[in-house]
Amino acid sequence: MKKILVSTVAAVAIATTAFAGVNSQTGCGLGSVIIQDNSSAVLLALQATTNGTSGNQTFGITSGTSGCKKTKFVMNDRAEEFVASNMDTLAKEIAAGHGESVDTLAELLDVQDKDAFASALQTNYNKIYTSKNVEMNEVLDNISETSM
């Protein structure tokens, strides 16, 4: 019985992946594919938890599956996963021109002059975050075009 249930859930997840879109609040991944209802904080928490614990968000980001979109400019998998997981915090820190997330992103991108990088991000904030629904791949593409 468990095998049938697991197989059914897997089949539904795979079948719905083609129709899945990226949830701007919890990102892409299995949780966002299976739990498509974004109407409550509990469901959003379940999406995020499933995305994080299933370990497939990294694969989705690098392969462009599970509702994830690949970036045009490939930086590295760790940077893509970091930005996907820290979109809100990163936006606030880029607007401020400093912060732990900005420093971490600079390290992941092997930026030598972190202060200049943070300043360039802050100066180009509106070019990086082009809308309130901007997605991870767009943010990384915009960072690569404006700050690197």
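The notes below deal with the structure included here. (Residues numbered from 1 in each chain as written. Predicted model: local features only at pLDDT ≥ 70, side-chain atom pairs only at ≥ 80, totals over all residues. Heavy atoms only, no water.)

**Things to note about the overall build of the protein**
Piece 1. Within the protein one finds ten helices and zero strands.
Piece 2. Counting helices and strands in the order they occur from the N terminus, the protein gives α-α-α-α-α-α-α-α-α-α.
Piece 3. Here the protein, with 148 residues, has 40% of them falling under the buried criterion.
Piece 4. Considering only contacts in the protein between residues 6 or more positions apart, those separated by 24 or more positions represent 46%.
Piece 5. About 8,600 Å² of surface is accessible on the protein, with carbon and sulfur atoms providing 55% of the total. (Helix = DSSP H or I, 4+ residues; strand = E, 2+ residues; numbered from the N terminus. Buried < 20%, exposed > 50% of the residue type's maximum accessible area, 1.4 Å probe, protein only. Contact = heavy atoms within 4.5 Å. Areas by Shrake-Rupley, 256 points an atom, 1.4 Å probe, with all protein chains shown as cover.)

**Quick look at unusual backbone geometry**
Piece 1. Residues other than glycine seldom take positive phi values, yet D110 does so here, at roughly 55°.
Piece 2. Summarising the element assignment, D110 is placed in the loop between α7 (100-108) and α8 (114-123).
Piece 3. Judged by relative accessible area, D110 falls into the exposed class, the value being 62%.

**A short note on the nonpolar core**
Piece 1. In this structure, V83, L90, L105, F117, Y129 and V139 are the most contacted members of the largest nonpolar core, which totals 24 residues.
Piece 2. Elements with a contribution of two residues or more to this core: α5 (77-85), α6 (87-96), α7, α8 and α10 (136-147).
Piece 3. If sequence neighbours within four positions are ignored, V139 has contacts with V83, M87, I128, Y129 and V134. (Core = buried A, V, L, I, M, F, W, Y, C linked by side-chain atoms within 4.5 Å.)

**Some remarks on the pattern of salt bridges**
Piece 1. Enumeration over the complete set of coordinates arrives at one salt bridge.
Piece 2. We note a salt bridge from E107 to K114, for which the minimum N-O separation is 3.4 Å. (Salt bridge = Lys/Arg side-chain N within 4 Å of Asp/Glu carboxyl O.)

**A closer look at the environment of Y125**
Piece 1. In this fold, Y125 is placed in helix α9 (residues 125-128).
Piece 2. When the C-alpha positions of Y125 and I94 are compared, they lie 6.7 Å apart, and in sequence the two are 31 residues distant.
Piece 3. With residues up to four places along the chain from it excluded, the contact list for Y125 reads A91, I94 and A95.

**Considerations on the side chain of N124**
Piece 1. Within the secondary structure layout, N124 lies in the loop between α8 and α9.
Piece 2. At 3.4 Å, the side chain of N124 and the backbone oxygen of T146 are in polar contact.
Piece 3. Residues contacting N124, with those up to four places away along its chain left out, are T146 and S147. (Polar contact = N/O pair within 3.5 Å; in protein donor to acceptor, adjacent residues only side chain to side chain.)

**Quick look at α8**
Piece 1. Of all the positions in α8, only F117, A118 and L121 are classed as buried. Buried residues of α8 fall within an arc of 95° about the axis and therefore sit on the same side. Relative to its buried face, α8 has exposed residues pointing more than 90 degrees away, namely D115 and T123.
Piece 2. Where α8 is buried, its residues contact α6, α7, α9 and α10. (Arc of directions from axis to C-beta.)

Read these as layout, nothing more, since geometry by itself doesn't imply function.
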